[in-house]
Amino acid sequence: MAEDAFSDAISNESETSEQVTLAHDDAAANGTSAPADDAAEEADAPAGEDASEGEPEPASAFRRARTPRGRKSLARRIFVSLAAVSAIAAVAVLVIASLVYQKSGVRDAGRMLETECALVKTSMRGTQSDIIHLTNLDLGEARVTVVSPDGTVLYDNQNSVDSMPNHADRPEIAGALETGKGSAERDSATSGKVEIYRAVRLENGNVLRLAVDRDGIKAALGHDVLLAVAVVTAVVLVCWAVSRLIVDRLVEPILDIDPSNPDPEGSYVELEPLVERIDEQMGELRGADLMRREFTSNVTHELKTPLSTISGAAELIRDGIAKPEDVPEFAGRIVDEAHHMTDLVNDILTLSKLDESERAGDTSLLGKAEPVDIAHALREVGHRLAPVADAAGVRLTCSGDPVIVRGIPSLLDELAYNLCDNAIRYNHAGGTVDARIDVVDGCPCLVVADTGLGIPEAAQAKVFERFYRVDASRSRERGGTGLGLAIVKHAAAYHGAKLALESKEGVGTTVTVTFPESSLVEALG
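Just so it is clear, the model here is predicted, and its values are computed rather than measured.

J.: Looking at this structure, how should I read the side chain of Asn418?
T.: Structurally, the position occupied by Asn418 is in helix α13 (residues 409–425). Beyond its immediate stretch of four places on either side in the chain, Asn418 contacts Gly484, Ile487 and Val488.

J.: I tried to follow empty space enclosed by the protein on my own but got confused; where do I start?
T.: Across all of its chains, the model carries one cavity of 30 Å³ or more by this definition. Estimates place the volume of the largest cavity at around 50 Å³. Forming the walls of the largest cavity are Ile374, Ala377, Leu378, Leu412, Ala416, Ile437, Leu446 and Phe515. Sorting the residues of the lining of the largest cavity by element identifies α12 (374–392) and α13 as the ones contributing at least two each. Broken down by element, the residue count for the lining of the largest cavity peaks at three residues, all from α12. Here the lining of the largest cavity is built from residues that sort into eight nonpolar, no polar and no charged.

J.: Sorry if this is basic, but what is going on with the sheet that holds strand β11 (residues 498–504) here?
T.: One key point about sheets: their strands pair by backbone hydrogen bonds, in either a parallel or an antiparallel sense. Strand order in this open sheet of five strands is β7-β9-β10-β12-β11, and the pairing throughout is mixed. Since the sheet does not close on itself, it has two edges, and those belong to β7 (395–399) and β11, each with one partner. Here the average twist between neighbouring strands, direction ignored, is 15°. Pairing geometry for strand β9 (residues 432–440) and strand β10 (residues 443–450), over eight bridges, is antiparallel. Each residue of the ladder has a partner; that of Val433, found in β10, is Asp450.

J.: Could you clarify how one ought to interpret the environment of Glu505 in this entry?
T.: Assignment of secondary structure puts Glu505 in the loop between β11 and β12 (508–514). Note: C-alpha distance between Glu505 and Glu457 (48 residues apart in sequence) is 8.3 Å.

J.: Got a minute to help me understand α12 in this structure?
T.: An α-helical turn contains 3.6 residues, so any two residues separated by three or four positions project in the same direction. For α12, spanning 19 residues, the distance from its first C-alpha to its last is 25 Å, which sits close to the expected 27 Å at 1.5 Å a residue. Taken as a whole, α12 carries its principal kink of about 50° at Leu385; the proline Pro387 stands between one and four residues after it. Taken together, the buried positions of α12 are Ile374, Ala375, Ala377, Leu378, Val381, Gly382, Leu385 and Ala389. Count one or two residues on from α12 and you reach Gly393, which has phi positive near 70°.

J.: Looking at this structure, I do not really get the packing of helix α5 (residues 74–123) against helix α9 (residues 225–255). What am I missing?
T.: A pair of packed helices is captured by two measures, namely the crossing angle of their axes and the spacing between those axes. At a minimum axis separation of 8 Å, α5 and α9 run at an interaxial angle of 150°. As far as their axial angle goes, α9 and α5 are roughly antiparallel. The chirality of how α5 crosses α9 is right-handed.

J.: It is not clear to me how the sheet that holds strand β2 (residues 153–156) should be interpreted in this structure. Could you clarify?
T.: On the basis of which strands lie adjacent, the open sheet formed by five strands has the order β2-β1-β5-β4-β3 and antiparallel pairing. The sheet is open, and its two edges are formed by β2 and β3 (181–187), each paired on a single side. Taken pair by pair, the neighbouring strands of this sheet meet at an average axis angle of 20°, ignoring direction. Here helix α7 (residues 171–179) sits on the sheet and contacts β1 (143–147), β3, β4 (193–201) and β5 (207–215); the angle it forms with β3, its principal contact strand, is near 170°.

Rules used throughout
Residues numbered from 1 in each chain as written. Predicted model: local features only at pLDDT ≥ 70, side-chain atom pairs only at ≥ 80, totals over all residues. Heavy atoms only, no water. Helix = DSSP H or I, 4+ residues; strand = E, 2+ residues; numbered from the N terminus. Contact = heavy atoms within 4.5 Å. 1 Å grid on protein atoms, 1.4 Å probe; cavity = no way out; pocket = protein on both sides within 12 Å on 5 of 7 lines; lining within 4 Å. Points joined across faces, edges and corners; volume = space filled by probe spheres on them. Nonpolar A, V, L, I, M, F, W, Y, C, P; charged D, E, K, R; others polar. Pairing = 2+ DSSP bridges. Axes fitted to C-alpha atoms, helices over the stretch in contact; angles between N-to-C directions. Expected span 1.5 Å × (residues − 1). Bend = angle between axes of the 7 residues up to and from the residue. Buried < 20%, exposed > 50% of the residue type's maximum accessible area, 1.4 Å probe, protein only. Parallel < 35°, antiparallel > 145°, perpendicular 65-115°, else oblique. Left-handed = near helix turned anticlockwise from the far one by under 90°.

Below, the structure is given as structure tokens:
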């Protein structure tokens, strides 16, 4: 049973690190770099196949092979952005050009009519023969009209004068009668044209009016619809090609980043934070892998001694070598070592749960937080450790007014128990352990002070590491699993508490756990 529990704990402890290690090992075997993120992991198989053949995959092919449907695509985003902006710009330019061209055409036509009006006027004599002269005059597409001072149409080269209404109210006619010259532009709702009029007053008082039609704004834009469609289509195709080229060039330096040894100098300046983050993560992964290996090695070493003792004592009893009067002693050794193994496995399971909770960010793995009177929990720990303290000749006192904090009862119990147990184990006969609960500046504090052996200054930063012992040669004699203070560190971090250690060799050690003010539910003094 102990071996099964131990195997499960080791599996939970190293699951993530082993996955990372295997991923890197597989990548190394295939000739590729380990994936730096989830998207790269999903697309790792094609890269591995190509790499195994010894032919590096082009950046563009890499990108296209790793753009599964439904996923975000950099090329698609760039293409859509470029195409939208370019198409809008092209249509806007065409519209503006059409408007400018239309306005320019109207203005030029007006100038042309003014010139022709002046020329025709100079050829008019102010007699009845002027009508005949106009009839024989070729003015191209221009419409020629002669209007009397009272507005009656005397001549029109395109319409019958009998059906034409009085023109006295026409702006160009009225302007010519008043000032000698008149002009007007009128939009035709039916034809979509702009009718341009220029008129001059003749010597005999009649008004000569010339007119031409030009495309209006709607007509001008209508003529450019096909052109606009052709331009937009061409722009979209160009944007598609440009977006592919841009993405290939953008992605190539990113794909060249080696996750196992990222070089900030070898990529874009903008990618330096990403490269640095990859480097940090790789360092963390290496550290996790090293920690896993060290943990496995330490656990294996810790189990060898009790297993050897149990195996040796059991064999002596089984083979009848042990004297009958020595059997109880050997059985006691077996029981003691079995208890030690049970404690070790329990501590490993606790650490495994803490690690999994931290890794997954799921606090429910360790139980539900609830109000806990840590002063009462400390006194309970004192009752359980009283026999241990008495056997070691150490005086243990647990004190403090009721202080209720929100936390995990089992973790708070482990925290207090391990601190007090450690203070007893590394003490001397006649020494003391003072454990108390205080509230300092609104923050609950658990203080455990002993008059024990003390910790060398060089080792104080390491005592909370797993399986670390200040004096490894004598630690076995004092018992313990070597994981107690590691559990204290994780339990304190789980509750957002801060750990402080003060120690001096030969004088003693004081450990203070300060909980955040937000964890305080109630303090009764």
